[in-house]
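# Architecture and fold: a report
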Amino acid sequence: MSRPRLAALTLTLAAAATFVALRATGSRSAPTSEPGHTLVRAAVTQVTPEVSRLTSSSTSTSNRGSYQLRYRAEQTLHLPADQGGTLAALLELRGRLVLDASAAECAMELSEVTVVDARLNGQRLVGTEAVAEAAVGQPVRARFDAAGAFSGLEVPAEVREAMQGVFQHLGATLQRAATEGDRQEATPIGTVTARYVRSEIGLLRHRGAYVQVRPTLSGLQAQATASGQTRFGTDGQGALLTVAHDEATRATADDGTVVMTDRLTLSLTREGDAAPVAGGAPGRAVAVGEVAPDADGERSLLVSAAGGMDAAELAQLLMAHGGAATLPDHATFLYRAAALLALDPEAARRLGPVYATLPAASGGRAVVLDLLAQVGTPAAQQTLVGILASEEARADPVYVLHVQRVAFVAEPGAEVVAFVEAFAATAPPALQAAASHALGAVAGH
């Protein structure tokens, strides 16, 4: 089962602003900027030399303009059934965007935005309109390094995670080479090869194989390849008039198994001049492919991901299927349940009695333990320990497997550590291997 962390839900909705380290069973991901996030900071090397700005002159008024924006991002993660199965996300927007370029950055500001569609596994996500509208009028700045490569963003606090993903895509798309030829570029996925050619319809970019993929995908795939093209239309002075970007990315494991497909369709059409993008306080700095966490935004998206599920519905769904290891539309169930448990401590506590009513050695009991361990909130950990210490659990023929679920708690609290230590000290010989595994998992906490 995948690790149902807040960042995972948010970034999947953002449709690949970066990729989330959806944890394979038994693996452990280290949190970064705050607990509960599995993003890993990675410096991008071998980036493109000779990347031009939006215009040829940093002082020309043609550096600035208002553009009609169309944006559609689709991402599908193909995971084993016990890790959540297929997870498909879609985010589609339309609006108007002001671009204001200088020598070292491009300020981007939405003047209006409409959420056309936002879905997770086909289910419409509510509340995304408010998240999008919060970004209107907020200047986001795409940074470029000395060589002219996209190196990250500065984002105001009002721009939440899902919308940061949109601006990550914009920054990576807008970088363009000054001359024809082959080079490498930074994108939210990693470092990709790109070929630029000039034609009668404008400057064309074709991206190909990734030479570096960000660690957020480690454990899921070994390589990624992009296909499609980006067309840049400019006037006689080099000012940007249009961008038409349609690119698909496919990631595969070492054995050729497809683990991720992604498609980004983005267009910009210049409508006219615009006022300068306002300055203001410095925004939060984020590298290419990362986001600055936002607790309010995460909660809003978790509420949406839960899809109205409450503690009673979660219990009913688990018990109605007689302890089955998978439920109908299992991936959607897991993400709704994980979102609910992250939001509602009482929902986690009610899973104790649910476990006791499910058949011994059933897949349903394993699902309960996996949800509690992977969510990892204080209430979830308390319930997990209570279950494992119960007579019902100890009498289960597969108790040894149930105890090993504590290894999936990313940040075990004192109660989990104390339980594991006591279990290891008193476990009979038949359970010593499980005890050692569990003890090793919580070591150092």
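All of these numbers come straight from a predicted model, not from anything done at the bench. (Residues numbered from 1 in each chain as written. Predicted model: local features only at pLDDT ≥ 70, side-chain atom pairs only at ≥ 80, totals over all residues. Heavy atoms only, no water.)

When its secondary structure is counted, the protein chain shows 14 helices and 15 strands. A fraction of 66% describes how many contacts in the protein chain between residues 6 or more apart in sequence connect residues 24 or more apart. (Helix = DSSP H or I, 4+ residues; strand = E, 2+ residues; numbered from the N terminus. Contact = heavy atoms within 4.5 Å.)

Turning next to empty space enclosed by the protein. Applying the stated rule across the entire model yields six cavities of 30 Å³ or more. Every residue lining the largest cavity is counted, 14 residues in all, and those nearest its centre are His169, Pro188, Arg207, Glu247 and Leu264. (1 Å grid on protein atoms, 1.4 Å probe; cavity = no way out; pocket = protein on both sides within 12 Å on 5 of 7 lines; lining within 4 Å. Points joined across faces, edges and corners; volume = space filled by probe spheres on them.)

On to the packing of helix α9 (residues 363–375) against helix α10 (residues 378–388), then. Two elements in contact, α9 and α10, have axes whose closest approach is 8 Å; the angle formed by their N-to-C orientations is 140°. For the crossing formed where α9 meets α10, the hand is left-handed. On the side of α9, the interface is formed by Val368, Leu369, Leu372 and Ala373, while α10 contributes Ala380, Thr383, Leu384, Ile387 and Leu388. For the contact of α9 with α10, the per-class residue count stands at eight nonpolar, one polar and no charged. (Axes fitted to C-alpha atoms, helices over the stretch in contact; angles between N-to-C directions. Left-handed = near helix turned anticlockwise from the far one by under 90°. Nonpolar A, V, L, I, M, F, W, Y, C, P; charged D, E, K, R; others polar.)

This next bit is on the packing of aromatic side chains. Summed over the entire model, instances satisfying the criterion amount to one aromatic pair. Taking the centre distance of 6.4 Å and the plane angle of 55° together, the rings of phenylalanine 144 and phenylalanine 150 count as tilted. Taking relative accessible area as the criterion, phenylalanine 150 reaches 1% and is therefore assigned buried. Residue placement shows arginine 365 over the ring face of tyrosine 355; its charged tip is 4.3 Å from the ring centre. (Phe/Tyr/Trp six-rings, centres within 6.5 Å; stacked < 30°, edge-to-face > 60°. Buried < 20%, exposed > 50% of the residue type's maximum accessible area, 1.4 Å probe, protein only. Lys NZ or Arg CZ within 6 Å of the ring centre and 35° of its normal.)

A separate point is the nonpolar core. Residues Leu314, Phe333 and Val368 are the most contacted members of the largest nonpolar core, which totals 59 residues. Ignoring anything within four residues of it in the chain, the contact list for valine 368 reads Leu318, Leu351, Val354, Tyr355, Leu358 and Ile387. Formed by 44 residues, the second largest nonpolar core is a distinct cluster that contains Ala172, Val286, Val288 and Ala292. (Core = buried A, V, L, I, M, F, W, Y, C linked by side-chain atoms within 4.5 Å.)

Moving on, we get to the pairing of strand β14 (residues 258–272). On a regular strand, each side chain points to the face opposite its neighbour's, so the side chains alternate between the two faces of the sheet. Bridge analysis of strand β2 (residues 64–78) against β14 gives twelve bridges, and the strand direction is antiparallel. If you follow tyrosine 71 over to β14, its bridge partner there is leucine 266. When strand β13 (residues 240–252) meets β14, the two strands line up antiparallel, connected through eleven bridges. Of the residues in β14, the one forming a bridge with histidine 245 is leucine 266. From the end of β13 to the start of β14, which pair antiparallel, there are five residues, and glycine 256 there has a positive phi angle of about 90°. (Pairing = 2+ DSSP bridges.)

Glancing now at the pattern of salt bridges. Under the criterion given, the structure shown has 19 salt bridges. Between glutamate 74 and arginine 72 there is a salt bridge whose closest N-O contact spans 3.4 Å. Taking relative accessible area as the criterion, glutamate 74 reaches 31% and is therefore assigned partly exposed. Linked through salt bridges whose partners overlap, the residues forming this network are Asp117, Arg119, Arg124 and Glu129. (Salt bridge = Lys/Arg side-chain N within 4 Å of Asp/Glu carboxyl O.)

Phi at aspartate 329 takes a positive value of approximately 50°, unusual for a residue other than glycine. By the secondary structure assignment, aspartate 329 is in the loop between α5 (311–320) and α6 (330–343). Phi angles above zero are rare outside glycine, and alanine 361 is one such case at about 60°. Locating alanine 361 in the fold gives a position in the loop between α8 (351–357) and α9. Classification of alanine 361 as partly exposed rests on a relative accessible area of 42%.

In this section: the confidence of the model for the protein chain. Residues with a pLDDT of 70 or more make up 77% of the protein chain, whose mean pLDDT is 78. Below pLDDT 50 for its whole length, residues 55–62 participates in 14 contacts with residues either more than four positions away or in separate chains. (pLDDT = per-residue confidence, 0-100.)

Inspection of the secondary structure puts threonine 234 in strand β12 (residues 223–234). Owing to a relative accessible area of 36%, threonine 234 belongs among the partly exposed residues under this scheme. For the pair formed by threonine 234 and isoleucine 201, sequence separation is 33 residues and the distance between their alpha carbons is 9.8 Å. Once you skip the residues sitting within four places of it in the chain, threonine 234 turns out to touch Arg176, Ala239, Leu240 and Leu241.

The N-to-C vectors of α10 and helix α13 (residues 414–426) enclose an angle of 20°; their axes lie 9 Å apart at closest approach. In terms of axis orientation, α10 runs roughly parallel to α13. Like other packed secondary-structure pairs, α10 and α13 cross with a definite hand, here left-handed. Together, Gln381, Gln382, Val385 and Leu388 of α10 and Glu415, Val416 and Phe419 of α13 make up the contact between the two elements. Partitioning the contact of α10 with α13 into residue classes produces four nonpolar, two polar and one charged. (Parallel < 35°, antiparallel > 145°, perpendicular 65-115°, else oblique.)

Here we come to the side chain of aspartate 117. In this fold, aspartate 117 is placed in strand β4 (residues 105–120). With a relative accessible area of 13%, aspartate 117 lands in the buried category. Here the side chain of aspartate 117 touches arginine 119 through a polar contact of 3.0 Å, side chain to side chain. When near neighbours in sequence (up to four residues on either side) are disregarded, aspartate 117 contacts Leu90, Leu91, Glu92 and Arg124. (Polar contact = N/O pair within 3.5 Å; in protein donor to acceptor, adjacent residues only side chain to side chain.)

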